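A closer look at the structure
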Amino acid sequence: MFEQKEDYMIKANGFSYQKCEYVYIKEFKDNKWQEGYLSTEDTINISVMSTSLHYGQQAFEGLKAYKVSDGSINLFRVKENAKRFIKSCSRMMMPVISEDEFTKIIVELVKANKKYIPETNKSEALYIRPLMIGVGPKLGVGPSNDYMLIVTVTPVGAYFNNLAKTRCLTTFYDRAAPNGTGMVKVGPNYGSSLYALSSVKALGYNDAVFLDPLTHTKIEEVGAANFFGITYDNKYITPKSDSILPSITNDSLKVIARDYLNLEVIEEDVYINDLKRFKEASACGTGALITPISSITHLGEETVFLTHDKSLELKEILTNIQYSLIPDKYNWITKIIL
Ligand code: PLP
Ligand code: COI
């Protein structure tokens, strides 16, 4: 009879979900957090009238665990994900867990699922998806009384499969409103981006460039990733706006760009009609890694970016820190010793 090998499922299949052995679940009911537990089921049973289902009361995070060649595991800037999760949950009127608890839960879950962490390979890792949802019935619009924190893991590769050819198109649709929820990581922003993403993909592009919702003249995000450009005079430019999700990858790249590549780092408006000043353009994020953009098309005009040298250097340094191939001089790594 065919015997399934222990490591049968360990290969990442691009950026797609594979069930791993354990999911972490912690419930908030009777006004307090209950003891969390590891479940072998990746399904839940909740009221059909839950606020997460009807009113989008939810928040999530995305981070990765990287296998190091000495057998240990690295979490990258997990406290930053914890802080952002707290902000997102608070914005959605949900209870929070502390930064320490967030980290503790992730360490426990990664250890329990250690066999699913891809072997050291600079584009594969174990993706960790913490999620908070409002559960329990509520018909009127208002926050739920009860919540579930669910943390799932899955081995992944890069989000974009052809790094050499990422063609982007600006979209007329907005992912978030001014003074809305763009700066936090909540499902409603992604729900509202689906139509834009599908529209640009139907036209043969790889991703949508979202413009500022107020004037539609400035770049905000590239799909589910931040934007940065490198100018001909060696500046790392990234947009700043209250409707952009503050990316932990982008924040790290700003430090690396300054310290390692001696680039001047500037956060400022990036006008869509002024792309010619960039020698390189890239999307960055936990899922997207650092993905060089080969072109951006806006209102029929295509701007092509032929070189990606600095973006790829930034990617190499960031990846080397994440896999402990160079020293972690910023204290970004939390080590999990198995
Ligand atoms: N922007 C959006 C809309 C995202 O979904 C993500 C992914 O988390 C990012 C940016 C990148 O953020 P990070 O680098 O923290 O993963
Ligand atoms: C991430 O990079 O973690 C993201 O959130 C992207 C994801 C929405 C696909």
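Residues numbered from 1 in each chain as written. Chains lettered and ligands numbered in written order. Predicted model: local features only at pLDDT ≥ 70, side-chain atom pairs only at ≥ 80, totals over all residues. Heavy atoms only, no water.

Some words on empty space enclosed by the protein
Considering all chains together, one arrives at two cavities of 30 Å³ or more under this definition. In this structure, the largest cavity occupies an estimated 210 Å³ of space. What lines the largest cavity is a set of 20 residues, and nearest its centre among them are Tyr66, Thr249, Thr286, Leu289 and Gln322. Every element with two or more residues in the lining of the largest cavity is listed here: β5 (63-67), α6 (248-259), β16 (289-292) and α7 (309-322). Here the lining of the largest cavity gets four residues from one element, more than from any other, and that element is α7. (1 Å grid on protein atoms, 1.4 Å probe; cavity = no way out; pocket = protein on both sides within 12 Å on 5 of 7 lines; lining within 4 Å. Points joined across faces, edges and corners; volume = space filled by probe spheres on them. Helix = DSSP H or I, 4+ residues; strand = E, 2+ residues; numbered from the N terminus.)

Considering the site of ligand 1
Residues in close proximity to ligand 1 total 16 residues, the closest being Tyr190, Glu221, Ser247, Thr249 and Thr286. Within the contact set of ligand 1, an oxygen atom lies 2.6 Å away from a side-chain nitrogen or oxygen of Ser247. Starting from 380 Å² of accessible surface for ligand 1 in isolation, the protein chains cover 96%. Using a 2 Å cut-off from the grid points, one finds that ligand 1 occupies the largest pocket. Looking at the shell around ligand 1, the elements with two or more residues in it are β12 (225-231), α6 and β15 (278-285). Its residues placed into classes, the shell around ligand 1 shows six nonpolar, six polar and four charged. (Near = heavy atom within 4 Å. Polar contact = N/O pair within 3.5 Å; in protein donor to acceptor, adjacent residues only side chain to side chain. Areas by Shrake-Rupley, 256 points an atom, 1.4 Å probe, with all protein chains shown as cover. Sits in = over half its atoms within 2 Å of the grid points. Nonpolar A, V, L, I, M, F, W, Y, C, P; charged D, E, K, R; others polar.)

Description of the nonpolar core
Counting residues in hydrophobic clusters, the biggest one holds 33 residues, and the most contacted among them are Leu75, Phe102, Ile106, Val110, Ile128 and Leu149. Taken together, the elements giving at least two residues each to this core come down to β1 (23-29), β5, β6 (73-76), α2 (78-91), α3 (99-112), β7 (125-135) and β8 (146-156). With six residues, α3 is the single largest residue contributor to this core. Leave out the neighbours within four places in its chain, and Val110 touches Ala65, Ile73, Leu75, Ile117, Leu126, Ile128 and Ile336. One finds Leu253, Ile256, Val265 and Ile317 within the second-largest nonpolar core, a separate group that totals 21 residues. (Core = buried A, V, L, I, M, F, W, Y, C linked by side-chain atoms within 4.5 Å. Buried < 20%, exposed > 50% of the residue type's maximum accessible area, 1.4 Å probe, protein only. Contact = heavy atoms within 4.5 Å.)

Digging into the site of ligand 2
Every residue lining ligand 2 is accounted for by Phe15, Gly62, Tyr127, Arg129, Tyr159, Lys185, Tyr190, Ala224, Thr286 and Gly287. Protein coverage of the free-state accessible area of ligand 2, which is 280 Å², stands at 88%. For ligand 2, the cavity whose grid points lie within 2 Å of the majority of its atoms is the largest pocket. Structurally, the shell around ligand 2 is a two-domain feature, drawing no fewer than three residues from each of domain 1 (23-156) and domain 2 (163-322). (Domains from an automatic or database assignment.)

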